[in-house]
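Coordinates in review
So you can see what is in the structure, the chains are spelled out below.
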Amino acid sequence: MLIASQVVVALIGVLHIYILVLEMFLWRSERAYKAFGTTPEVAAITAPLAANQGLYNGFLAAGLLWGVIHPNRAFAWQIQAFFLLCVAVAGVYGAATAKRSILFVQTVPSAIGLALVLLANQAGG
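Residues numbered from 1 in each chain as written. Predicted model: local features only at pLDDT ≥ 70, side-chain atom pairs only at ≥ 80, totals over all residues. Heavy atoms only, no water.

1. So, a nonpolar patch on the surface
Here is the rule: Grouping into patches uses exposed residues only, defined as over 30% relative accessible area, and leaves out salt-bridged ones; the cut-off is 9 Å for like charges and 5 Å for nonpolar side chains (Val, Leu, Ile, Met, Phe, Trp, Tyr). Residue burial considers only the protein chains on display, and all accessible areas are found by Shrake-Rupley using a 1.4 Å probe. Basic side-chain nitrogens of Lys or Arg form a salt bridge, by our definition, when they fall within 4 Å of a carboxyl oxygen of Asp or Glu. In this scheme, a residue with accessible area under 20% of its type's maximum is buried, one over 50% is exposed, and one in between is partly exposed, where area comes from a 1.4 Å probe on protein chains only.
There is a patch of nonpolar side chains on the surface, built from Ile17, Val21, Phe25 and Leu26 and spanning about 330 Å² of accessible area. Among the residues examined, Ile17 registers a relative accessible area of 38% and is labelled partly exposed.

This is the structure in structure tokens:
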């Protein structure tokens, strides 16, 4: 259970690094237009906001990966749980206010990760 939880948390961290790259560096690319359902005109206006949002995704990624590599398992699962909850809440808010698919891209994986982290901790992992 511990390995599964660590893999899921790491993958969610990597996903947020990808989101950081899209929002901070590739906001005006076809890939970002498709991923976020925007246009070149909207992207030109919203680029500073997207970059700021990307930075926050980077903080989420850093926290998740910190939780994976932290040597103290008793503290590491708490770090992971906190950042997974942050991702889940951000996903719910994003789904409610921006794009429904965010629920499936962010909230569902983070809820699965949180369940695995809690189960691994309960099992003594």
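2. A few points about the packing of helix H1 (residues 2-24) against helix H5 (residues 102-122)
Operational definition: Axis definition: a line fitted to C-alpha atoms, over the contacting stretch in the case of helices. Angles run 0 to 180 degrees between N-to-C directions. Under the DSSP-based scheme used, a helix requires at least four consecutive residues in state H or I and a strand at least two consecutive residues in state E, with every element numbered from the N terminus. Each angle gets one of four labels, with under 35 degrees taken as roughly parallel, over 145 as roughly antiparallel, 65 to 115 as roughly perpendicular, and the rest as oblique. Rotating anticlockwise by less than a right angle from the far helix to the near helix defines a left-handed crossing, while the corresponding clockwise rotation defines a right-handed one. Only heavy atoms enter the contact rule, under which two residues are in contact if any of them lie within 4.5 Å.
One way to put it is that H1 packs onto H5 with a least axis distance of 8 Å and a crossing angle of 150°. With respect to H5, the element H1 is oriented roughly antiparallel. As H1 packs across H5, the resulting crossing turns out to be left-handed. Between H1 and H5, the contacting residues are Leu2, Ala4, Ser5, Val8, Val9, Ile12, Leu15 and His16 on the first element and Val105, Gln106, Pro109, Ser110, Gly113, Leu116, Val117 and Ala120 on the second.

3. Observations regarding the side chain of Asn57
Quick reminder of the rule: Counted as a polar contact is a pair of N or O atoms within 3.5 Å, where, for protein atoms, one must be capable of donating a hydrogen and the other of accepting one, and residues adjacent in sequence contribute only when both atoms are in side chains.
Examined against the element boundaries, Asn57 turns out to sit in helix H3 (residues 40-69). Judged by relative accessible area, which is 9%, Asn57 ranks as buried. For Asn57, the side chain forms a polar contact with the side chain of Glu23, separated by 3.0 Å.

By themselves these figures say nothing about function.
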